Amino acid sequence: MSRIIVVTSGKGGVGKTTITANLGSALGKLGRKVALVDADFGLRNLDLLMGLENRVVYTAMDAIGGECRLDQALVKDKRQNQLVLLPAAQNRNKEAIQPTQMKEIVSKIALSYEYILIDCPAGIEMGFRNAIAAAGEALIVSTPEVASVRDADRVIGLLESHGIEKINLIVNRLKPDMVQMNEMIGVEDVLDVLSIPLIGIIPEDKRMIVASNRGEPLVLGQPDSLPAIAFDNIARRLEGEKVPLLDLMAAQDNIINRLRRLFRT
Amino acid sequence: MTNVTKYLSLVNSYSQVHLKLEGEKLLLILPEGDKSIIDWWSVVDELKCRLNGSDSSWKSGTRVELIANYALEEKQLQGIAQALEEFKLKLKLVCTSNRQTAIAAAGSGFSVQQEPHLETVVDSSQTQSQELAEPLYLKTTIRSGMEVRHPSTIVIWGDLNPGAKAIAAGDIFVWGRLRGIAHAGSGGDRSRHIVALKMEPTQLRIADTLARAPSANPERFEPEVAYIATEGIRLAKAMDFFKTHSFSETIGAWR
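In short, a report on the structure.

Definitions and limits used
- Residues numbered from 1 in each chain as written.
- Chains lettered and ligands numbered in written order.
- Predicted model: local features only at pLDDT ≥ 70, side-chain atom pairs only at ≥ 80, totals over all residues.
- Heavy atoms only, no water.
- Helix = DSSP H or I, 4+ residues; strand = E, 2+ residues; numbered from the N terminus.
- Rg over C-alpha atoms; globule rule 2.2 N^0.38 Å.
- Buried < 20%, exposed > 50% of the residue type's maximum accessible area, 1.4 Å probe, protein only.
- Pairing = 2+ DSSP bridges.
- Axes fitted to C-alpha atoms, helices over the stretch in contact; angles between N-to-C directions.
- Core = buried A, V, L, I, M, F, W, Y, C linked by side-chain atoms within 4.5 Å.
- Contact = heavy atoms within 4.5 Å.
- Salt bridge = Lys/Arg side-chain N within 4 Å of Asp/Glu carboxyl O.
- Buried area = accessible area lost by both parts, 1.4 Å probe.
- Polar contact = N/O pair within 3.5 Å; in protein donor to acceptor, adjacent residues only side chain to side chain.
- Nonpolar A, V, L, I, M, F, W, Y, C, P; charged D, E, K, R; others polar.
- Arc of directions from axis to C-beta.
- Left-handed = near helix turned anticlockwise from the far one by under 90°.

### Some words on the overall build of chain A
- Counting secondary structure elements, chain A contains 13 helices and 8 strands.
- On C-alpha atoms alone, chain A measures out to a radius of gyration of 18 Å, which is about the 18 Å that the 2.2 N^0.38 rule sets for 265 residues.
- The principal-axis extents of the C-alpha atoms in chain A amount to approximately 65 × 40 × 35 Å.
- Counting over 265 residues, chain A shows a buried share of 56%.

### Examining the sheet that holds strand 17 (residues 232-237) of chain B
Residues and elements named next belong to chain B.
- If you trace the 6 strands from one edge of the open sheet to the other, you get 7-9-11-13-16-17, paired in mixed fashion. Among the strands making up the open sheet, the edge pair consists of strand 7 (136-138) and strand 17. Strand-to-strand, the axes of this sheet are offset by a mean angle of 25°, without reference to chain direction.
- The sheet contact formed by strand 9 (residues 154-156) and strand 11 (residues 172-178) spans 3 bridges and is parallel. From the neighbouring strand, I154 faces strand 11, where its bridge partner is I172.

### Re the nonpolar core
Residue and element names in this part refer to chain A.
- By size, the foremost hydrophobic cluster in this structure holds 54 residues, and its most contacted members are I109, I116, I118, I140, L159 and L194.
- Of all the elements, helix 7 (residues 146-161) adds the most residues to this core, at 6 residues.
- Look past the residues within four positions of L159 in its chain and what remains in contact with it is T8, F128, I132, A138, I140, I164 and I167.

### Re the pattern of salt bridges
- Applying the stated criterion to the full structure yields 28 salt bridges over all chains.
- One salt bridge in this structure joins R79 of chain A and D77 of chain A, with 3.0 Å as the shortest N-O distance.
- For D77 of chain A, a relative accessible area of 6% translates into the label buried.
- With a shortest N-O distance of 3.2 Å, D192 of chain A and R177 of chain B are connected by a salt bridge. With D192 of chain A in helix 9 (residues 187-194) and R177 of chain B in strand 11, the pair connects residues from two separate chains.
- Here D192 of chain A falls in the partly exposed class, since its relative accessible area comes to 30%.
- Through salt bridges that share partners, D192 of chain A together with R177, R179, K198 and E200 of chain B make up one connected network.

### Considerations on the interface of chain A and chain B
- With 16 residues of chain A at the contact, the number on the chain B side is 17 residues.
- Counting each side, the surface lost to burial between chain A and chain B is near 1,500 Å², with a carbon and sulfur contribution of 40%.
- Residue R143 of chain B pairs with D153 of chain A through a salt bridge whose shortest N-O separation is 2.8 Å.
- Along the contact surface separating chain A from chain B lie 8 residue pairs in polar contact (both at pLDDT 80 or more).
- Listed by contribution, the elements that provide at least two residues to the side of chain A that touches chain B are helix 7 and helix 9 of chain A.
- Here the side of chain A that touches chain B gets 8 residues from one element, more than from any other, and that element is helix 7 of chain A.
- For the side of chain A that touches chain B, the residue count by class is 5 nonpolar, 5 polar and 6 charged.

### Digging into helix 5 (residues 99-109) of chain A
- When helix 5 of chain A is considered as a whole, its buried residues turn out to be P99, M102, I105, V106 and I109 of chain A. Angular distribution of buried residues about the axis of helix 5 of chain A spans 130°; they occupy a single face of the element.

### Let's talk about the pairing of strand 6 (residues 111-114) of chain B
- By the bridge criterion, 4 bridges tie strand 5 (residues 90-96) of chain B to strand 6 of chain B in an arrangement that is parallel. The partner of C95 of chain B across the bridge, within strand 6 of chain B, is Q113 of chain B.

### Things to note about the packing of helix 5 of chain A against helix 6 (residues 126-133) of chain A
All names here are of chain A.
- Direction vectors running N to C along helix 5 and helix 6 enclose 35°, while the axes themselves pass 8 Å from each other. Seen from above, helix 5 lies across helix 6 with right-handed handedness. Within the contact between the two elements, helix 5 uses P99, M102 and K103 and helix 6 uses M126, R129, N130 and A133.

These values are about where atoms sit, not about what they do.
Now the structure itself:
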């Protein structure tokens, strides 16, 4: 039984695509057969982050329209051969396909892959409905910002009303130093509103941006970096392993910060 | 509470979807709001959300009768039937005065009852004077973007999150955190209350008055009740409210 997981957030720019790329690679490292599906029709990005842009020949649209076989549209990753990408059509918009078509093609992919990660577009319109049509579970991405949490909450409500019950939260771009100084809302505050299980926290890291621009997921490029370890841990948690959360605050809890906090309050 | 002098107009407490248990069967009423703004997706979403929150209220396999007077297509009817099926409910009968809906229902294999005078069942203008319906009990978190409307009292066993709205002609009880917008007595009844275990609202509205929370919310750990006093909406400890306050019809406020 393969697991079909949609990565969604409501708000744009919180890191859905980056998380899809890295988590896919991390699951690949664990030896799983993974298919990444870019559901962001008209604004595709996932191929760029995976560094596979120049290998795209057919897109999901061609496979749906019967212009190519499904296996022709699936792009093999250049680093891991059990990882494939189904690119979105760039020239079409989100109304070009129907939820039933999306469901059909994803269930075909599910026959030969263990994990299917669907990168959902921002918003809650047609593109969102297409992306969640086939999903059995969801990963909600939220940054520790009020607007992001609000949108995530809306999306969780929509997912629940579509019968998706297994919903986990990834808090992305946490800046431990700012949380420590009470300048940023913390993970507890996010959980307090969303009240869904937390599956991982990804700290903010400059190397993420560099890796994205190079088209090389950080999980593979710099496996020892803190975000990469966080991704590996999320992959293991998806597999059912019990992995404790990284203590991101530890490095911040030094004597100088304690004193600074003391004088601020 | 900071009170705002602007007064609210009366709000229709009927939502786009209304569920009512009548003996062994469940009535699903889709009231006819402003036809031009009926957004079909949101109707289905609201139906699912409502089913999700109150699925313990009826037995599985309960027979459902749909009452809708606007034009529905076969696909939309099937969408409703499918949503109901997810919660183990069976759509059997479609009551409608609309010809297109009747034809679509017959085409999808549902029993049809064509009745021209159904408007009276769901006419919102006369519900205010009628006795209130049974309370609505929801065991779920009401999340941002959701709006729960009910012509009687609403009880929520969960949080009312920021961005969410509850509108009741009766009282509102939130057995959790109230952080969104709650509007009690939406039909104009100034004696209604809003009660929450933890009161952190964006706005509170009772009948035609409105108040927003002070920007610096003092931390309180007791259940609180909001009511209309002479100077506007006030908060009090929920525990002793009825011992210390009584409603005065002449000034239309509690004291």
